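Here's the letter readout for the chains.
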Amino acid sequence: MRNGEIVPESAMDGLPGVKANALCADIESCDTFDRFYQSRLIVMRDSVSPNNLSSSVFDQMAEAILVINFDGIILGANRSAAELFGYPVEALCGSSSRRLRGSSYTDSQRKRIHERIKAGKTWRGRMEFVKSDGQTGFHETEVSPFRNEQNEIVGLISSSRDVSLDIALEAQSDLILEAVRSSNFGVTIADATLPDLPLQYVNSAFEDITGYAFAEIKGRNCRFLKGPDTDQEAVSDIRRAIHREEPLTTMLLNYRKDGTRFWNRLQLSPIHDAKKRLRAYMSVQIDITRDVSERTIERERQKMEHLGKLASGISHELNNALQPILLMGGATGRPLTEKYKRRAGLRRQRYRARDLCKGDR
Ligand SMILES: Cc1cc2nc3c(=O)[nH]c(=O)nc-3n(C[C@H](O)[C@H](O)[C@H](O)COP(=O)(O)O)c2cc1C
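Position labels on residues start from 1 in each chain and follow its written sequence. Whole-chain, interface and lining totals are the exception, using all residues; otherwise, since this is a predicted model, local features are given only for residues with pLDDT of at least 70 and side-chain atom pairs are given and counted only at 80 or more. Hydrogens are left out, water is left out, and the side-chain values use all remaining heavy atoms of the structure.

Colleague: Could you give me a rundown of the pattern of salt bridges, with the residues and numbers involved?
Modeller: Put simply, a salt bridge is a Lys or Arg side-chain nitrogen that is within 4 Å of an Asp or Glu carboxyl oxygen. Counted under the stated rule, the structure contains 14 salt bridges. Its salt-bridge partner being Asp 237, residue Arg 240 comes within 3.3 Å of it at the nearest N-O pair. Placement of the pair is Arg 240 and Asp 237 together in helix α8 (residues 232-244), with a separation of three residues, close to one helical turn. Working definition: with a 1.4 Å probe on protein chains only, accessible area under 20% of the residue-type maximum means buried, over 50% means exposed, and in between means partly exposed. Its relative accessible area of 39% is what places Arg 240 among the partly exposed residues. Notably, a salt bridge pairs Arg 279 with Asp 273, separated by 3.4 Å at the nearest N-O pair. Arg 279 gets classed as partly exposed once you look at its relative accessible area, which sits at 37%. Connected through shared salt-bridge partners, Arg 126, Glu 140, Arg 161, Asp 166 and Glu 170 make up one network. Here a helix means four or more residues in a row that DSSP labels H or I, a strand means two or more in a row labelled E, and each is numbered from the N terminus.

Here is the structure:
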């Protein structure tokens, strides 16, 4: 069958808006059709008519196919269309296509598409659709002219693919990207499919923390942040985690471009694809220099406080232990023999010890 040739008349009998016609997409005028799609349309045109699409090869097509006249009446639908819109094929055929269109499909959009189709061109875009249960979604649609046997354009053929999930994912990844871009934490991504994990992305917080612009470190390994006082044990941990493709959180001293040091709380995570192959490493850098010094001061303060408590505890205990001895010496009232003089010396020492323990020198 040649391009544009007509399928048997009987196939279209009784369909509104089309007297005796065939499913013959005007492929020459479908300027945006790719070869693959064209070949499908040729099969379509040569093998089926709109009202028996369900029993055709088109039931195996993933795309939802609808044939619609300019009054908006559905002349034919395949099984994917039935699945997409949630109606049986029989319920779709002969009904109005308007109920399938979401509220964002305006009359002016419809007019624009019809004008294009009437001019023998194709239209491609996204449309909101409504399912039989009232749920809405988006499909990506390619619409091309549908001609009758006199080669007049009497309607359109739409081929749609549900992209609701893609749109939701796009929105989600836009959100994630925005969160990464505007984060106060440094974020980097290194390509794990290339040798030595070259940097592929850094956000502006990373540039702010390190003083390096992305342009000057793109493609380099992140080890340029290490310096003479970087803890080698932490670096070994990183090396090991990378070797094992495991996530890691560590804290290490790093160096900015201007040579100043900062404490980096580094989180490193491998990113695997669906086939569990390592694709990239993602890292989060948090400059905790202030926290570290404040924490160090706080730790020292707590240590001192603890020591103080300990010392006063000891002093108290010591004092209690010394009291009877001190009292004993003072209560006897005996003349001071050499023995007592020595004891008095000892007592002075004890007083001194007690005062020392009180911190009262
Ligand atoms: C995505 C990514 C981010 C990294 N970020 C840092 C970092 O901020 N600071 C650092 O000292 N090392 C960082 N590293 C580790 C170094 O790049 C390197 O792997 C580490 O210094 C051990 O390797 P080497 O012994 O060959 O230097 C990062 C590694 C990757 C893959």
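Colleague: Go over empty space enclosed by the protein, please, and point to the residues and values.
Modeller: Grid points spaced at 1 Å and placed over the protein atoms alone form the basis of the search, with a cavity being a set where a 1.4 Å probe fits but cannot get out and a pocket an open set showing protein on both sides within 12 Å along at least five of seven lines. Lining residues have an atom within 4 Å of a point. Grid points are joined across faces, edges and corners, and a volume is the space filled by probe spheres set on the points. Counting across every chain of the model gives one cavity of 30 Å³ or more. Size it by volume and the largest cavity reaches roughly 130 Å³. Ser 97, Arg 101, Tyr 105, Arg 110 and His 114 are the residues nearest the centre of the largest cavity, which is lined by 14 residues in total. Where the lining of the largest cavity is concerned, the elements lending two or more residues are β2 (64-69), α4 (107-118) and β6 (153-162). With three residues, the single largest contributor to the lining of the largest cavity is α4. Grouping the constituent residues of the lining of the largest cavity by class yields six nonpolar, five polar and three charged. All amino acids are sorted into three groups, where Ala, Val, Leu, Ile, Met, Phe, Trp, Tyr, Cys and Pro are nonpolar, Asp, Glu, Lys and Arg are charged, and the leftover types, Gly among them, are polar.

Limitation: the analysis is restricted to geometry and does not speak to function.
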